[in-house]
Amino acid sequence: MPILAQGVYRQYHTMATDSLVISRYVQLMKQVQLQAQNHGETWRSWADPSTPSPAQYGEVIDEQVAWWPTRMTTPVDFSGLAKGLEIEITPQLMEFYSVAYGAGLPVVHAKGDAELLMVWHDQDALRLQENLIAHVLMKRRLKQRDTLFFAVTDDDDYMISVLNSTGEVYLERVGHEVEQKLADSIADFLTQLAPRPA
């Protein structure tokens, strides 16, 4: 196991259980990473030449770098998102995006493969919020309820989002009002996920 990954496990182990979202997400990350390592997998992502990610390790090869989830020490500041949309962001979404740096956690759900979105580095958090603002403004133009995405699926027409007013998780079809509820909360949804079969 790389030295960085050992450090990640120590951080996982010593982390206070602030919430169900954080504790369940950390547990899921441990399971997914352990399975990948047991099968000799190395996760790789495109390297940002201007700003390295706390999650990356080793050398950049062909503009890509190896990475493992790495615990954040400071939560993402979502004040810009809340101000831009003039809403109160559901706390569980803010907790979700403030757990660890990474390039996306591959998981499987009863409905298919998904990838939980992650922040690559602090500057990436600003890009994420810009995308979330654009998403909500599109929803409002279509006279649909505000949703905030936190995962993508293996079908480009669908994403997994939280309905901001209730905290419920939905499988969302792009451009459509949410209808297919998956869980009462992000914390509950995380219990429905598992590592992808090797």
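Residues numbered from 1 in each chain as written. Predicted model: local features only at pLDDT ≥ 70, side-chain atom pairs only at ≥ 80, totals over all residues. Heavy atoms only, no water.

Visitor: Could you give me a rundown of the overall build of the protein chain, with the residues and numbers involved?
Guide: Within the protein chain one finds six helices and 12 strands. The C-alpha radius of gyration of the protein chain comes to 17 Å, within 12% of the 16 Å expected for a compact globule of 198 residues. Projected onto its principal axes, the C-alpha coordinates of the protein chain cover approximately 50 × 35 × 35 Å. Taken over 198 residues, the protein chain has a buried fraction of 49%. Roughly 10100 Å² of accessible area belongs to the protein chain as shown, and the carbon and sulfur atoms make up 51% of that amount. The protein chain carries 16 positive and 26 negative side-chain charges, and their two centres are separated by 4 Å. (Helix = DSSP H or I, 4+ residues; strand = E, 2+ residues; numbered from the N terminus. Rg over C-alpha atoms; globule rule 2.2 N^0.38 Å. Buried < 20%, exposed > 50% of the residue type's maximum accessible area, 1.4 Å probe, protein only. Areas by Shrake-Rupley, 256 points an atom, 1.4 Å probe, with all protein chains shown as cover. Lys, Arg positive; Asp, Glu negative; His and termini not counted. Charge placed at Lys NZ, Arg CZ, Asp CG, Glu CD.)

Visitor: Give me the environment of V174: which residues, what numbers.
Guide: Tracing the sequence through the fold places V174 in the loop between β10 (169-173) and β11 (180-183). Residues V174 and Y158 lie 16 residues apart in sequence; the distance between their C-alpha atoms is 5.9 Å. Discounting residues that sit within four places of it in the chain, V174 has contacts with D156, D157, Y158 and M159. (Contact = heavy atoms within 4.5 Å.)

Visitor: Can you break down the nonpolar core residue by residue, with the values?
Guide: Y97, L105, L116 and F150 are the most contacted members of the largest nonpolar core, which totals 55 residues. Considering each element in turn, this core owes the most residues, eight residues, to helix α2 (residues 20-38). Not counting residues up to four positions away in its chain, the partners in contact with L116 are Y25, L28, F96, G104, L105, V107, F150, A151, F189, L190 and L193. (Core = buried A, V, L, I, M, F, W, Y, C linked by side-chain atoms within 4.5 Å.)

Visitor: Quick one: what's the story with the confidence of the model for the protein chain, residue by residue and with numbers?
Guide: When pLDDT is averaged across the protein chain, the result is 91; 91% of the residues are at 70 or more. Across residues 1-17, confidence stays below pLDDT 50; counting only partners more than four residues off in sequence or on other chains, it has 33 contacts. (pLDDT = per-residue confidence, 0-100.)

Visitor: Run through the packing of aromatic side chains, naming residues and quoting values.
Guide: According to the stated counting rule, one finds eight aromatic pairs in the structure shown. Ring geometry for W67 versus W120: centroids 6.3 Å apart, planes at 85 degrees, classification edge-to-face. Here the residue W67 occupies a position in strand β3 (residues 64-67), and W120 occupies one in the loop between β7 (112-116) and α5 (122-141), the gap between them amounting to 53 residues. Measuring from centroid to centroid gives 5.1 Å for F96 and F150, while their planes differ by 70 degrees, and the two rings are edge-to-face. Of this pair, F96 sits in helix α4 (residues 91-97) while F150 sits in strand β8 (residues 147-153), and the two are 54 residues apart along the sequence. Classification of F96 by relative accessible area gives buried; the value is 2%. A residue is classified by how much of its surface remains accessible, and F150, at 0% relative accessible area, is buried. Here the aromatic residues Y25, F78, F96, Y97, F150 and F189 are joined through ring pairs into a cluster of three or more. (Phe/Tyr/Trp six-rings, centres within 6.5 Å; stacked < 30°, edge-to-face > 60°.)

Visitor: Give a detailed account of the sheet that holds strand β12 (residues 194-195), specifying residues and quantitative values.
Guide: The strands that make up a sheet are held in pairs by hydrogen bonds between backbone atoms, and each pair lies either parallel or antiparallel. Read from one edge of the open sheet, seven strands run β11-β10-β9-β8-β7-β6-β12, paired in antiparallel fashion. For this open sheet the edge positions go to β11 and β12, each flanked by a neighbour on one side alone. Relative to β10, strand β9 (residues 158-163) runs antiparallel, the two sharing five bridges. For M159, the partnering residue across the bridge sits in β10 and is E172. Against the sheet, α2 contacts β6 (105-109), β7 and β12, and its axis sits at roughly 100 degrees relative to β6. On top of the sheet, α5 reaches β8, β9 and β10; it is set at about 110 degrees to β8, its chief contact. (Pairing = 2+ DSSP bridges. Axes fitted to C-alpha atoms, helices over the stretch in contact; angles between N-to-C directions.)

Visitor: Tell me about the side chain of T153, and please be specific about residues and values.
Guide: Position of T153 relative to the elements: it lies in strand β8. A polar side-chain atom of T153 sits 2.9 Å from the main-chain carbonyl oxygen of D155. Here the side chain of T153 touches Y158 through a polar contact of 3.1 Å, landing on its backbone oxygen. In this view, T153 contacts D113, A114, Y158, M159, I160 and L171; residues no more than four positions away in its chain are not counted. (Polar contact = N/O pair within 3.5 Å; in protein donor to acceptor, adjacent residues only side chain to side chain.)

Visitor: Residue-level account of the sheet that holds strand β2 (residues 56-61), with values.
Guide: Taken together, the three strands give an open sheet; going across it, the order is β1-β3-β2, and neighbouring strands pair in antiparallel fashion. Edge positions in the sheet fall to β1 (44-46) and β2, since each of these pairs with one other strand and no more. Ignoring which end each strand starts from, the neighbouring axes of this sheet average 30 degrees apart. Bridging between β1 and β3 involves three bridges; their strand directions are antiparallel. For R44, the partnering residue across the bridge sits in β3 and is A66.

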